[in-house]
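Structural overview
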Amino acid sequence: MPDMIFMDHDRYIPGLKRLTDSVKSGGARIAAQLYQAGRYIHSSARGGQKAVSASAVRSRFTGETPRALETDEIPLIQDRFAEAAVRAKESGFDAIEILGSAGYLISQFLSPVTNQRDDRYGGTFENRMRFGLETAEKVRNTVGKDYTVIMRLAGNDFMEGGNTNREARIFASELEKKGIDIFDITGGWHETRVPQLTMSVPHANYVYLAQGIKSVVSAPVISSNRINDPREAEQIIRNGSADLVTMARALIADPEMPNKAMNGKSNTIYHCIACNQGCFDMIFTDNSATCTVNPRAGIEKETEIVNALNKKKVLVIGGGPAGMKAACTAAERGHKVILAEKNDHLGGQLLLNIEIPGRREMITAAEDLIRNLNELKVEILLEKSVDSDFVKDLSPDAVIIATGASPLTPDIEGIADKRVIQAWDILSGKGRPGRRIAVIGGNAVGLETALYLANIGTISPETLHFLAVNRAETWDTLEGLTDKGLKEVTVVEMLTKPGTGIGPSTRWTILDELKRLKTRLITSARAVAVRTEGLEIEKEGKREIIPADTIVLATGAKPENSLEKELKAIVGEVYVIGDAASPRKAIDAIREGFLAGLKV
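As the structure is a computational prediction, the values presented were derived from the model and not from experiment.

Following the criterion strictly, the structure yields 41 salt bridges and no others. The partner of Lys145 in a salt bridge is Asp146, with the nearest N and O atoms 3.5 Å apart. Comparing Lys145 with Asp146, the two get one shared label, exposed. Taking the shortest distance from any N to any O, the salt bridge between Asp588 and Arg591 comes out at 3.3 Å. Of this pair, Asp588 and Arg591 both sit in helix α20 (residues 586–599), three residues apart, roughly one helical turn. Shared partners join several salt bridges into a network, and the residues in it are Glu413, Arg526, Arg531, Glu536, Glu538 and Arg543.

Have a look at this one:
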């Protein structure tokens, strides 16, 4: 891939050596992943040439069909793995990790989904293993017996007709014989419809895959995916489910996590919330990775947090994500910070996620910010409505306005009907929705509200577990109890596609959940009027009434910044951030809070 670090020529060794020297100078170890994506590479990345794979099976990930490798080409690619491993060793890497997971080339040879060959590399499972086994053997023979070689494997492909943990265990057992020192176990392909990395995936959900591999090999086994806290990691290792764990996004969210855990500061860790807004969604759209909860990610050099030369009294108005991050950053720099919030709690719109299935981890972002506010001794004033008199009496040197936004009400006939309620009120528990519900707006708020409503009346995971282990109901009955709630929910969206503002890594999971819950999505339609029978809409010039007892509004928001003009006449330094400037995502609000805290 053109935007990755290369290891396919000796000319890269000096640069790689600088990288490894830098990492080792900090006391760390470093390994290089050897990546050959096969059919997951776009032809545009290969100068228009088709990608290669075990067989010519179209990739849903790229939308392209690769070229099947000729038998005599296979050893050449295996040799490239071995040559790259030698370069890694010469460059100072302490180990190499062969990527045999995620649906990349080794996976493509191993799986009957993508391997339809009839030569010695296809057909039986023994033959399908051959490519990966030979690759591992060539790497081992080339780097010598004392150099660490890791293999990253999918403990289950989660592909219909593909390999499960049973096949992964067999493959791992054979790989160990070829000299693999450590197994790093993940799950799924990029094409799988089983979520692997989103917020809806329970913590440590795929530890069982590593546990299965550990049962058949003597080499150390690493568990991966959705492990974001040192205590979780410690429990996995203590239980004997795995010997090590990997954390990637968790260390983007808080690079200081290991030091905080080691030094008794676990309460100040900023946890990865698996929103993917800053990492995967950015990468999938060819942008640089950052992080919702760590705005410094990717721009660390440009945003070093240094003590302020002129210590100030800073007033932050608003205790949502933008305001809390601004307060934390300013306090880190040594300012005296007062945070005023009109409600009796902090968190802002993040707290609306508490009832949305698969989105509750957004609350973790708020909780982490609150703990850091307390650690940094920020003075917090709850139930405090700020006006110009208060600011005059306080006499701050700087004010950061983070007063958020309020929901919009569309101008349509009958909108004042008592059956109409804002999505924010539904999510905060202020409304009592009827059985038939129409949601106006298929944006992120609209779809997530629909997901909450459609889940009302389904059984909880704890109830499902209890009924399943006690064989209290048939599996068909249990599926029905998880897939159908009490509400009939319809979402009306003006655009041709719903959820366009949701990142690509998450949008498909929400749409799949809504489909499972029998939610009706109507696109390219506009709400016309609230009628006695329900919501009247217009689609392609035709009118239709959606029967509804409750009509939910998810039609956007407007900034709340009425204090700005007044305060600029009182205080010389005023910043307006987050939704108070313009409604946007949490990642944008937290970043603006951070930057304001740096400027003040």
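With that settled, the discussion passes to the packing of helix α11 (residues 321–332) against helix α12 (residues 362–375). The contact between α11 and α12 brings their axes to 10 Å, and the two run at 30 degrees. As far as their axial angle goes, α12 and α11 are roughly parallel. For the element pair α11 and α12, the recorded crossing hand is left-handed. Contact residues: α11 offers Pro321, Met324, Lys325, Ala327 and Cys328, while α12 offers Ala366, Leu369, Ile370, Asn372 and Leu373. Here the residues of the contact of α11 with α12 sort into eight nonpolar, one polar and one charged.

Now for empty space enclosed by the protein. Tallying each qualifying case throughout the model produces three cavities of 30 Å³ or more. Empty space within the largest cavity amounts to approximately 100 Å³. Lining the largest cavity are 13 residues, with Cys272, Cys275, Cys279, Cys291 and Thr292 positioned closest to its centre. In this structure, the second largest cavity encloses a volume near 80 Å³. Contributing to the lining of the second largest cavity are Gly100, Ser107, Leu110, Leu153, Ala154, Asn156, Asp157, Asn163, Thr164, Ala168 and Phe171. Listing elements by their share of the lining of the second largest cavity, those giving two or more residues are α3 (105–110), β5 (148–154) and α5 (165–177).

What follows concerns the sheet that holds strand β14 (residues 420–422). Spatial ordering of the open sheet is given by β14-β21-β15-β16-β17, a layout of five strands whose pairing is parallel. Each edge of the open sheet is held by one strand with a lone partner, namely β14 and β17 (520–522). Strand after strand, the sheet turns through a mean of 25 degrees between neighbouring axes, direction not considered. Contacts between helix α15 (residues 444–455) and the sheet are confined to β15 (436–440), β16 (488–492), β17 and β21 (550–553), with β16 contributing the most and set at about 175 degrees to the helix.

Criteria and thresholds
Residues numbered from 1 in each chain as written. Predicted model: local features only at pLDDT ≥ 70, side-chain atom pairs only at ≥ 80, totals over all residues. Heavy atoms only, no water. Salt bridge = Lys/Arg side-chain N within 4 Å of Asp/Glu carboxyl O. Buried < 20%, exposed > 50% of the residue type's maximum accessible area, 1.4 Å probe, protein only. Helix = DSSP H or I, 4+ residues; strand = E, 2+ residues; numbered from the N terminus. Axes fitted to C-alpha atoms, helices over the stretch in contact; angles between N-to-C directions. Parallel < 35°, antiparallel > 145°, perpendicular 65-115°, else oblique. Left-handed = near helix turned anticlockwise from the far one by under 90°. Contact = heavy atoms within 4.5 Å. Nonpolar A, V, L, I, M, F, W, Y, C, P; charged D, E, K, R; others polar. 1 Å grid on protein atoms, 1.4 Å probe; cavity = no way out; pocket = protein on both sides within 12 Å on 5 of 7 lines; lining within 4 Å. Points joined across faces, edges and corners; volume = space filled by probe spheres on them. Pairing = 2+ DSSP bridges.

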